[in-house]
Amino acid sequence: HEISENDEIIFHSNSTSFLCEFNLRLIEIFDKSSNYGFSLKDEAEAILDFSIFPSLNQVKINFGNEQIFELPKDFDFSALHVLRVETDEFRVKISIDESLLFVEMIEKSATQIAVFAKNSKAAISGFSLTEGFEDLFDWKDLEIKNHGWRKSSNETTFSIEDQELI
């Protein structure tokens, strides 16, 4: 599906934890500010913006703080690229073409993903959104509360070993 200049397509989820994968490619840019990408939103506003800037060969991710990532010099913007977005309440993971780019905790949880084009034209295909989450336990013991796990009593102890919750 083509996304026209300064337009967006919004997909709603019934959950704040979801996995979304889609293919995205650039069709045309109009000036140096041209960008395309996606936003994670709640019902009122954008919580995180993921913008690909072809003229800068960069990805900018803004979630209150802005992080800038350089793309490979041979990155082909006109080719289809697989974007994978995992939200687990406040934790967000973003990958491009199976390469993990971003893992952060955000202040609000998202229930929508909007794919956009600004001063450009882009195309999206192969969109899938799966509600819920899969915890791979690829984090440290101290981060357990950030991942939604709670102790049932003060005597309960747990740790992460070999990507298993013990």
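Owing to the predicted nature of the structure, the values given are computational and were not obtained by experimental measurement.

Engineer: A description of the overall build of the chain should follow, citing residues and the corresponding values.
Structural biologist: Scanning the chain from terminus to terminus reveals zero helices and 14 strands. When the elements of the chain are put in sequence order from the N terminus, they spell out β-β-β-β-β-β-β-β-β-β-β-β-β-β. Buried residues in the chain amount to 43% of all 166 residues. Long-range contacts, defined here as pairs at least 24 residues apart, represent 64% of the contacts in the chain between residues at least 6 apart. Within the structure as shown, the chain displays about 9,400 Å² of accessible surface, and the carbon and sulfur contribution to it stands at 46%.

Engineer: Pulling in residues and values, what's your account of the environment of F63?
Structural biologist: By the element assignment, F63 lies in the loop between β6 (58-62) and β7 (66-70). Put simply, F63 and D49 are 14 residues apart on the chain and 6.5 Å apart in space, counted from C-alpha to C-alpha. Setting aside residues up to four positions removed in sequence, F63 forms contacts with I47, L48, F102, E104, M105 and I106.

Engineer: So, a negative patch on the surface: which residues are in play, and what are the values?
Structural biologist: Residues E2, E5, E28 and D31 make up a contiguous surface patch of negative charge. Its place among the elements puts E2 in strand β1 (residues 2-3). The partly exposed category is assigned to E2, whose relative accessible area is 41%.

Engineer: Any details on the sheet that holds strand β2 (residues 7-12)? Residues and values, ideally.
Structural biologist: With respect to topology, six strands assemble into an open sheet ordered β2-β11-β4-β5-β6-β7, the strand pairing being antiparallel. On the outer flanks of this sheet lie β2 and β7, each paired with one strand and no other. Sheet twist, expressed as the mean angle between neighbouring strand axes with direction ignored, is 15°.

Engineer: I'd love a proper account of unusual backbone geometry, names of residues and values included.
Structural biologist: Non-glycine residue N57 carries a positive phi angle of around 55°. Among the structural elements, N57 can be located in the loop between β5 (46-53) and β6. Given the relative accessible area of 17%, N57 is considered buried. Positive phi outside glycine occurs at E89, with the angle close to 60°. Along the chain, E89 turns up in the loop between β8 (81-88) and β9 (91-96).

Engineer: Go over the environment of E43 with me, naming the residues and quoting the values.
Structural biologist: Along the chain, E43 turns up in the loop between β4 (35-41) and β5. In this structure, the C-alpha to C-alpha distance between E43 and A110, residues 67 residues apart in sequence, is 8.2 Å. Setting aside residues up to four positions removed in sequence, E43 forms contacts with T111 and Q112. A polar contact is formed between the side chain of E43 and the side chain of T111, at a distance of 3.4 Å. Polar side-chain contacts of E43 include one of 3.3 Å to the side chain of Q112.

Engineer: Which residues make up the pairing of β4, and what are the values?
Structural biologist: Where burial is concerned, most of β4 is hidden: seven out of the seven residues are buried. Here β4 shows two buried faces, one formed by N35, G37, S39 and K41 and the other by Y36, F38 and L40. Here β4 pairs with strand β11 (residues 112-118) via seven bridges, running antiparallel. For F38, the partnering residue across the bridge sits in β11 and is V115.

What counts, and at which threshold
- Residues numbered from 1 in each chain as written.
- Predicted model: local features only at pLDDT ≥ 70, side-chain atom pairs only at ≥ 80, totals over all residues.
- Heavy atoms only, no water.
- Helix = DSSP H or I, 4+ residues; strand = E, 2+ residues; numbered from the N terminus.
- Buried < 20%, exposed > 50% of the residue type's maximum accessible area, 1.4 Å probe, protein only.
- Contact = heavy atoms within 4.5 Å.
- Areas by Shrake-Rupley, 256 points an atom, 1.4 Å probe, with all protein chains shown as cover.
- Patch = residues over 30% accessible without salt bridge, like charges linked within 9 Å, V, L, I, M, F, W, Y side chains within 5 Å.
- Salt bridge = Lys/Arg side-chain N within 4 Å of Asp/Glu carboxyl O.
- Lys, Arg positive; Asp, Glu negative; His and termini not counted.
- Charge placed at Lys NZ, Arg CZ, Asp CG, Glu CD.
- Pairing = 2+ DSSP bridges.
- Axes fitted to C-alpha atoms, helices over the stretch in contact; angles between N-to-C directions.
- Polar contact = N/O pair within 3.5 Å; in protein donor to acceptor, adjacent residues only side chain to side chain.

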